Amino acid sequence: MAMGRRESQQENMWVAVQTLPRSPGHVFYEKLNEVLEGSGFDRFVEELCEAHYAEDVGRPSIPPGVYFRMLFVGYFEGLESQRAIAWRCADSLSLRSFLRVELSKGTPEHSSMTNTRKRLPEEVFWQVFAFVLQVAVQHKLLKGKTIAVDSTTLEANAAMKSLVRRATNEDWKTYVRRLMKAEGIEDPSDEEVRRFDRKRKKKTSNKEWKSATDPDSRVTKMKDGRTHLAYKAEHAVDLDSGLIVAPVVYRGDDSDCETLAVTVEIAREQLQAAASPHQVEEVVDDKGYHKAETIQTLIEVQHVRTYIAEPKPTHRRKWQDKEPGQQEAVYANRRRIKGKRGRQLGRLRSEKNERSFAHTCETGGGRRAWLRGVVNVSKSHLMRAAACDLGIIMLALFGVGTPRTLQGGMGLLLAALLWLVWRRYSQPSARLASGVVCPLWASPIAASACFRRNLAFSTGC
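Conventions adopted
- Think of each chain on its own: its residues are numbered from 1, step by step along the sequence as written.
- The model is predicted, so local features are restricted to residues of pLDDT at least 70 and side-chain atom pairs to those at 80 or more, both for listing and for counting; the totals for chains, interfaces and linings are taken over all residues.
- To obtain the side-chain values, all non-hydrogen atoms of the structure were included, while hydrogens and water were left out.
- Relative accessibility under 20% of the residue-type maximum defines a buried residue, over 50% an exposed one, and the middle range a partly exposed one, all with a 1.4 Å probe and only protein chains included.
- Only DSSP runs of H or I with at least four residues qualify as helices, and only runs of E with at least two residues qualify as strands; both kinds are numbered from the N terminus onward.
- What the arc describes is the spread of directions from the helix axis to the C-beta atoms.
- The contact criterion used is simple: two residues touch if any of their non-hydrogen atoms lie within 4.5 Å.
- Nitrogen and oxygen atoms within 3.5 Å of one another constitute a polar contact, given that in protein one can donate a hydrogen and the other can accept it, and given that sequence-neighbouring residues count only through two side-chain atoms.
- Distance thresholds for patches are 9 Å for like charges and 5 Å for nonpolar side chains (Val, Leu, Ile, Met, Phe, Trp, Tyr), applied to residues having over 30% relative accessible area and no salt bridge.
- Method for areas: the Shrake-Rupley scheme with a 1.4 Å probe, in which residue coverage is limited to the protein chains shown.
- Only one rule defines a salt bridge in this text: a Lys or Arg side-chain nitrogen within 4 Å of an Asp or Glu carboxyl oxygen.
- Charge assignment in this entry is limited to Lys and Arg as positive and Asp and Glu as negative, and neither His nor the chain termini are counted.
- To locate a charge, take NZ of a lysine, CZ of an arginine, CG of an aspartate or CD of a glutamate.
- As used here, the term nonpolar core means buried Ala, Val, Leu, Ile, Met, Phe, Trp, Tyr and Cys residues forming a set that is joined through side-chain atoms within 4.5 Å.
- Fitting a line to C-alpha atoms yields each axis, with helices limited to the stretch in contact; the angle taken between N-to-C directions then spans 0 to 180 degrees.
- What sets the label is the angle itself: under 35 degrees gives roughly parallel, over 145 gives roughly antiparallel, 65 to 115 gives roughly perpendicular, and the rest give oblique.
- When residues are sorted by character, Ala, Val, Leu, Ile, Met, Phe, Trp, Tyr, Cys and Pro go into the nonpolar class, Asp, Glu, Lys and Arg into the charged class, and all the rest, Gly among them, into the polar class.
- Pairing of aromatic side chains requires ring centres within 6.5 Å, counting the rings of Phe and Tyr and the six-membered ring of Trp. Pairs whose planes differ by under 30 degrees are stacked, by over 60 edge-to-face, and all others tilted.

### Overview of helix α2 (residues 41-49)
Helical periodicity: at 3.6 residues per turn, an α-helix aligns residues three or four positions apart in one direction.
Here is step 1: Buried residues of α2: F41, V45, L48 and C49, and no others. The buried side chains of α2 occupy one side of the element, clustering within an arc of 85° when seen end-on. Relative to its buried face, α2 has exposed residues pointing more than 90 degrees away, namely R43 and E47.
Here is step 2: Those residues of α2 hidden inside the fold are in contact with α1 (27-38), α3 (64-76) and α7 (122-138).

### Overview of the environment of T168
Here is step 1: When you line up the elements, T168 lands in the loop between β2 (163-165) and α8 (172-182).
Here is step 2: Taking the relative accessible area as the measure of exposure, T168 reaches 43% and is therefore partly exposed.
Here is step 3: On a C-alpha basis, the gap between T168 and E208 in space is 9.7 Å, while along the polypeptide they are 40 residues apart.
Here is step 4: Within the local environment of T168, its side chain forms a polar contact with the side chain of E170, the two groups lying 2.9 Å apart.

### Comments concerning unusual backbone geometry
Here is step 1: Residue K140 is not a glycine yet carries a positive backbone phi of 60°.
Here is step 2: In the Ramachandran plot, N169 falls in the positive-phi region, its phi being about 65° despite a non-glycine side chain.
Here is step 3: Summarising the element assignment, N169 is placed in the loop between β2 and α8.
Here is step 4: Taking the relative accessible area as the measure of exposure, N169 reaches 53% and is therefore exposed.

### Notes on the side chain of E155
Here is step 1: Secondary-structure assignment places E155 in strand β1 (residues 146-155).
Here is step 2: Among the polar contacts made by the side chain of E155, one reaches the side chain of H228 at a distance of 3.2 Å.
Here is step 3: When near neighbours in sequence (up to four residues on either side) are disregarded, E155 contacts M222, R226, H228, L229, A230, R367, R368 and A369.

### Section: a negative patch on the surface
Here is step 1: The grouping of E46, E47, E50, E55 and D56 at the surface amounts to a negative patch.
Here is step 2: Among the structural elements, D56 can be located in the loop between α2 and α3.

### What about the nonpolar core?
Here is step 1: Among the nonpolar cores identified, the biggest contains 78 residues, and L32, F68, F76 and M383 are the most heavily contacted of them.
Here is step 2: A per-element tally of this core places α7 first, with 11 residues.
Here is step 3: Beyond its immediate chain neighbours, meaning those up to four positions away, L32 contacts F76, F98, L390 and M394.
Here is step 4: Ranked by size, the runner-up nonpolar core spans 19 residues in total, among them L163, Y175, V176 and A369.

### Focus on the packing of α3 against helix α6 (residues 110-119)
Here is step 1: At a minimum axis distance of 11 Å, the contact between α3 and α6 shows a crossing angle of 110°. Between α3 and α6, the crossing angle belongs to the class labelled roughly perpendicular. For the pair formed by α3 and α6, the contact residues are Y67, M70 and L71 on the first element and M113, T116 and R117 on the second.
Here is step 2: For the contact of α3 with α6, the class distribution of residues is 4 nonpolar, 1 polar and 1 charged.

### Some remarks on the environment of G106
Here is step 1: Positionally, G106 belongs in the loop between α5 (93-99) and α6.
Here is step 2: You can call G106 exposed: its relative accessible area is 60%.
Here is step 3: On a C-alpha basis, the gap between G106 and C89 in space is 9.8 Å, while along the polypeptide they are 17 residues apart.
Here is step 4: Aside from chain neighbours lying at most four places away, what touches G106 is R96 and V101.

### A short note on the packing of aromatic side chains
Here is step 1: By the definition in use, this model includes 13 aromatic pairs.
Here is step 2: Plain terms: the ring middles of F68 and F125 are 5.7 Å apart, the flat faces sit at 70° to each other, and that makes the pair edge-to-face. Note that F68 is positioned in helix α3 and F125 in helix α7, a separation of 57 residues in sequence.
Here is step 3: Taken together, a centroid distance of 5.5 Å and an interplanar angle of 90° make the contact between Y175 and W209 edge-to-face. Placement of Y175 in helix α8 and of W209 in strand β3 (residues 209-211) is noted, with a sequence separation of 34 residues between them.
Here is step 4: Under the relative-accessibility criterion, W209 is labelled buried at 7%.

### Comments concerning the pattern of salt bridges
Here is step 1: By the definition in use, this model includes 23 salt bridges.
Here is step 2: One salt bridge in this structure joins R251 and D216, with 3.4 Å as the shortest N-O distance. Of this pair, R251 sits in strand β6 (residues 244-251) while D216 sits in the loop between β3 and β4 (218-221), and the two are 35 residues apart along the sequence.
Here is step 3: For R251, a relative accessible area of 32% corresponds to the partly exposed category.
Here is step 4: Take D216: its relative accessible area is 22%, and that puts it in the partly exposed class.
Here is step 5: With its nearest N and O atoms 2.6 Å apart, the salt bridge here joins R341 to E282. One end of the pair, R341, is in helix α13 (residues 340-363); the other, E282, is in strand β7 (residues 282-285), and 59 residues separate them in sequence.
Here is step 6: A relative accessible area of 39% places R341 in the partly exposed class.
Here is step 7: Note on E282: relative accessible area 4%, which makes it buried.
Here is step 8: Look at the salt bridges and you will find they share partners, linking E191, R194, R195 and R198 into a network.

Below is the structure:
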């Protein structure tokens, strides 16, 4: 066999269409297209976005179905920014097949994605999210009776160096130099400014400081202990299915107790928009949401049962100066969380809520917000949450929730074969009366059941 040599690239004037490279497509994305097209996704988003475009003026924009699919790709591929999404879609033949973009045409650029995001209001993204919930309702996956609410921080696209005083619009160095001048220190050096700042008693308060580049962000303590400008993402998750019902983005300094009632109301609106047969009846939260006024509002105004963990009391509470009904609401919540169902719901909350943040923020690439403004961050986070729900739907229908799951197919096959051998030769008492080996899903890891679903998924059966 002769050795091949790499030739210098030379542009051809004419290229036959039949000679262009083609891809069989990724099995996961082909199945996802079947789910989206079967539910009428493209027709829905085109009718939804039609009012925000001119009828016959200007060049055609990105088709809405292609645009939202590109945002879904950002979640499934773990891409953080629009630039990364646009590059990945242009580079991959299988993603071109998923987007239904011909090889003779270019994929949308990141600047076109930015223009589309600016043109579409936030309400459109909420309606697309509700459509995904409606798909889950059609497949009888979404319950919505019991939801759990929790929050996490999203790092903003702004540095602490961009902070300025709200009153005077001074940056940090100008502000410290003014304090030094008031004490009689003229023309200090940068080292003297830093030394003076370390010694003075200070506090970076959101009431006094703001970011010059992203005014909506707030100084927040992150999950890893760093102090950074950030937003707060709050998820209302259905405890029966694990689906995200309401992913709401707030400013970083908004209190959990203040936003809980708003998130529950938004979850009800989303369930109603998705034509869910059920509505929110129970709310489960951790002790960070425990407040007498909040519990009373949820029980008396929104008519839901609360299972909010109670922090360890440091002193005996006094109810004389509180509004009527707060004591009864807090004591009723305390009885519920101490019961068997309350403890069970608390464990489910820890599992389902943290899993939603792990998917959307860590593996989904949403921990760092590359957009500025609470509205833009909300648009991006909504689509990651919608893609996360699509992954749960795919997992229920085909046994695979992400494109990377199929990479472990051989490992599942080997585990199933090893389990077969072990059950056949090491556990003779486990055989049934008819002589057939016990079902493989009786194994502790259920390896064979997972493999059978993966095999049916990959072969299209």
